[in-house]
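What follows is the residue order along each chain.
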Amino acid sequence: MNINDQFESPMKLQISFNKLIEKYEELAKSDDPFLVAKAKRVLDAQMPYPELRDGFSDVDLLEKYEEPISIILEDSFSEVLTLNEIKTASVPFHNLIFNSSKRFKNIIKNAGDEFELEIKNMPQDEKYIIACTIILQFCYGYNLSFKRPFFYNIPDANGIMRHYKILYNADFTEIVPTKTAKKITQEDFEELLDNYENLDLWKEKFPVNSYEFKGFVISNIFDVTDDQSISNIKSNLIAEGKRKDKNFMQDFHQIFRSLFNINDLKVGFSIYDKENKSFERVYGEGMKSFLLNDKELNKCDATLCKWSHKTLMQDKKFYSVSDVDKYYELSKGRAPQYRVLKEQGIKSAILAPIANEKELLGILELVSTQPKVLNSINANRLVDVMPFILSAVERSKKEEENLIEAIIQQECTSIHPSVHWRFKREARNFIKEQLKGNQAVFSKIAFDGVYPLYGQIDIQGSSIARNKATRSDLRLQLNEARKIVDKAFEHNALPIYEQIKFQIDKYLKRLSNHFQVDSEQKISEFFRQEVTPLFYHLLSTKILVEEINNYFDIIDDELDILYKYRREYDDSVMLINKKMAEMLDNKQIEAQHMYPHFFERFKTDGVEHNMYIGESITKDENFNKIYLYNLRLWQLQVMCEMENAYYQMQHEFPIALDVASMILVFNQPLSISFRMDEKQFDVDGTYNARYEIVKKRVDKAFIKGTKKRITEKGKISIVYSQKQDEKEYLRYIKFLQSKNYLDKDIEIVELQDLQAVTGLKAIRVSVLYHKDKDDQKFFTYDDLMKEIKA
């Protein structure tokens, strides 16, 4: 049978060992007698059979020349490593193998008599074109970097699919043009570059059998089952609509079976409902929960024992049961997880928490009917898998009908309209790759040469205000508790009541004189462990029922603390953030009409915002620095307006807090990229990172030589480092002074050096306020406070 009859190719294949024989001819001239003897043995074995050098296409000759071929390939297939290496000798694009290591032979033997070896990802219709690209490199020196991995999928003796990556060594090949070959010019090459899929064009440039391939390739093969399994898990999870696919769970079982090398392994899921403290089934084709068995849902404490509950839900660690029957007996059948697993005939299991930093979302359940095959050791194989499971469950939480969403929904949420076009383009590319059957990857989203603008309106003294609210709450709760304990002592003079009163007095004194970071936690713990249990005991004895019920009426049910003044503080911060964010969002609509730019804001103890403007964001080539200057002026003006708006509505908030505004100027363009893990843009590069460092630290900086913060209520602080920025912003300030936005008291100060940042300066200027929108009279901050209090 002629090897060239199987399919069309631009290369006429000739199996030849000429290149390898040439190597041995060189070794035969060596000074090393051992190498010379070895080379002579190989050359003597080939000598009677010139076809082994000249080449042949008849595959039947491989059997005829089996003995000399094995001698020729003896060094390439070391007997010492034959049970370790997975190695074959073959010809390109064919599954014809004429020599292999013993380990490869054993792999094929275990796959069964009906198994046919086939390269997984080499499409038949691309073989011709791939052969042409090889010719371009070998004969014409055009390096197209067409190196892609090829794989074998081969089942093992237990029927578990193993994945093997193939790396080709083509050192012993040569390709030469025949008389029918057409010389490829630079013009031909450039035409082919843009027509990879045009098979007719490739055949025109490279007619069938117009080149002769002489030689063979050595395939070095590696078991990449673990990597491929993780990749397959990721691919399955990001594919849209998989939950409705009948084969989804079956495929999922197979992937995990390959990962753990357990042929009866099954996968289950249960979702955690935080509100109801229960586990629920995941609905979808073939999906099951082994913790719930046939139940739709079950309370957590009825599903897990205390130890497993702590491990999974608090510690968020894997919980392994290597021998279900053993632990069922040890727990005397009382532990619910052992009981439900035993009822289903499960002998070993791994329960893995699907959790992010904030909360538990669900449980991944791996089970087997074999004892000890799942255990705390191989549970660690899940470490690389869980991030993908977590991502999938987080997405499914948002859209109940899909367990798995598309990658664009996973990676890119809340995208600002100014950059949406770029995400849309990458999403299209992602979908194209999926449709081609390739493993799609969402490309990095980056914008170069953009100018940053940063501003914040920050609540002044927020920590002090919250501490004051906390002390007020704790003082009130302690006093209320003391009243009840006093009456309890009058009713029955137990020493324990005196001890609790002593402790209450001690905490009251500490609140006034020595309030520390952990004081709130210690006092809350005191209430939980000593006061509350005492009050419940008194209730059970029908003592001071009315007083204790009144006490519990002022305690927040969810937080289990008195939450009056802290609620006022938290509500004030929430309302301030809401009102300021709404105003900034509305103003942004106007700014986008002036020139499109990226904008994002964050609510903390106040409202921060980032803006980036530049040509790479808008796609258009009409960007001019005038738009940057305009946006800077707009930002300064809007922050003055926000200051005014805040103090006009300050009386509406439960607590009258002060705010201070700051702008950070950075005059060099930088690059930003979208962080898929944090779902936000960050600056790229070490130098540009300086900008982020300054942003995080500058509002806490002091004026050089003083203990005075750079930000101050009633003033806007503009932080910068370059003289040209100072001149630019002084022009803006002068303009806004003419419009009665800012006062005349400009001061320029140096900032105390920050860690890794030096040389910063700031312009500080007072904001002019008016009492309401229609008021034409303007006030400084101090004058406004006097006017309000008058």
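These numbers were taken from a predicted model, which means no experiment stands behind them. (Residues numbered from 1 in each chain as written. Predicted model: local features only at pLDDT ≥ 70, side-chain atom pairs only at ≥ 80, totals over all residues. Heavy atoms only, no water.)

Caption draft 1: How the structure looks around the sheet that holds strand β2 (residues 86–90). Overall, antiparallel pairing links the five strands, which are arranged β3-β2-β8-β5-β4 in an open sheet. Each end of this open sheet is capped by a strand with a single partner; those strands are β3 (97–100) and β4 (150–155). Averaged over all neighbouring strand pairs, the angle between strand axes comes to 30°, with direction disregarded. Inspection of the sheet shows β2 paired to β3 by three bridges, in the antiparallel sense. Residue pairing in the sheet places Ser90 in a bridge with Ile97 of β3. (Pairing = 2+ DSSP bridges. Helix = DSSP H or I, 4+ residues; strand = E, 2+ residues; numbered from the N terminus. Axes fitted to C-alpha atoms, helices over the stretch in contact; angles between N-to-C directions.)

Caption draft 2: Geometry of the sheet that holds strand β13 (residues 348–355). With antiparallel pairing, the six strands of this open sheet are ordered in space as β11-β10-β9-β14-β13-β12. Two strands in the sheet have a free side with no partner beyond their single neighbour: β11 (297–299) and β12 (319–321). Between one strand and the next, the sheet's axes are offset by a mean angle of 20°, whatever the strand orientation. Strand direction decides the pairing type here: strand β9 (residues 266–273) and strand β10 (residues 278–281), joined by four bridges, are antiparallel. Residue pairing in the sheet places Tyr272 in a bridge with Phe279 of β10. Each of β9, β10, β12, β13 and β14 (360–368) is contacted by helix α13 (residues 306–314), which is oriented at about 140° to β12, the strand it contacts most. (Contact = heavy atoms within 4.5 Å.)

Caption draft 3: Layout of helix α25 (residues 625–649). Here α25 contains 25 residues, and its C-alpha end-to-end distance of 36 Å stays within 8% of the 36 Å for a straight helix at 1.5 Å per residue. Looking at where α25 begins, the residue whose side-chain oxygen comes 2.9 Å from the main-chain nitrogen of Ile626 is Asn624. (Expected span 1.5 Å × (residues − 1). Polar contact = N/O pair within 3.5 Å; in protein donor to acceptor, adjacent residues only side chain to side chain.)

Caption draft 4: Inspection of the packing of helix α1 (residues 18–27) against helix α2 (residues 33–46) at higher detail. Packing of α1 against α2 brings their axes to within 8 Å, and their N-to-C directions diverge by 140°. Considering the angle they form, α1 stands oblique to α2. Considering only the axes of α1 and α2, their crossing is left-handed. Across from Ile21, Tyr24, Glu25 and Leu27 in α1, the residues of α2 making contact are Leu35, Val36, Ala39, Val42, Leu43 and Gln46. In terms of residue class, the contact of α1 with α2 is built from eight nonpolar, one polar and one charged. (Parallel < 35°, antiparallel > 145°, perpendicular 65-115°, else oblique. Left-handed = near helix turned anticlockwise from the far one by under 90°. Nonpolar A, V, L, I, M, F, W, Y, C, P; charged D, E, K, R; others polar.)

Caption draft 5: Main features of unusual backbone geometry. With a phi angle near 60°, Asn261 is a residue other than glycine that sits in the positive phi range. A positive phi angle, close to 60°, is found at Asn293, a residue other than glycine. Mapping Asn293 onto the fold places it in the loop between β10 and β11.

Caption draft 6: Focus on the pattern of salt bridges. Counted by the stated rule, this structure contains 42 salt bridges. In this structure, Lys310 engages Asp315 in a salt bridge whose closest nitrogen and oxygen atoms are separated by 2.9 Å. Of the residues examined, Lys310 reaches a relative accessible area of 33% and is grouped as partly exposed. Across the pair Arg566 and Asp473 runs a salt bridge, and its minimum N-O distance is 2.9 Å. Residue Arg566 is found in helix α23 (residues 565–594), and its partner Asp473 is found in helix α19 (residues 462–491); the two are separated by 93 residues along the sequence. Asp473 gets classed as buried once you look at its relative accessible area, which sits at 0%. (Salt bridge = Lys/Arg side-chain N within 4 Å of Asp/Glu carboxyl O. Buried < 20%, exposed > 50% of the residue type's maximum accessible area, 1.4 Å probe, protein only.)

Caption draft 7: Representation of the packing of aromatic side chains. Per the stated rule, a full pass over the model turns up 26 aromatic pairs. Here the aromatic rings of Tyr646 and Tyr647 are separated by 4.9 Å at their centres, their planes lie at 75°, and the arrangement is edge-to-face. Take Tyr646: its relative accessible area is 0%, and that puts it in the buried class. Clustering of aromatic rings is evident, with ring pairs tying together Phe17, Phe98, Phe172 and Phe216. Lying over the aromatic face of Phe447, Arg422 brings its terminal NZ or CZ to 5.7 Å of the ring centre. In this structure, Lys501 is placed above the aromatic ring of Phe489, and the distance from its NZ or CZ to the ring centre is 4.6 Å. (Phe/Tyr/Trp six-rings, centres within 6.5 Å; stacked < 30°, edge-to-face > 60°. Lys NZ or Arg CZ within 6 Å of the ring centre and 35° of its normal.)

Caption draft 8: Highlighting the side chain of Ser661. With respect to the helices and strands, the residue Ser661 is situated in strand β18 (residues 659–665). Separated by 2.7 Å, the side chains of Ser661 and Glu643 make a polar contact. Beyond its immediate chain neighbours, meaning those up to four positions away, Ser661 contacts Gln456, Ile457, Met639, Glu643, Lys715, Ile716 and Ser717.

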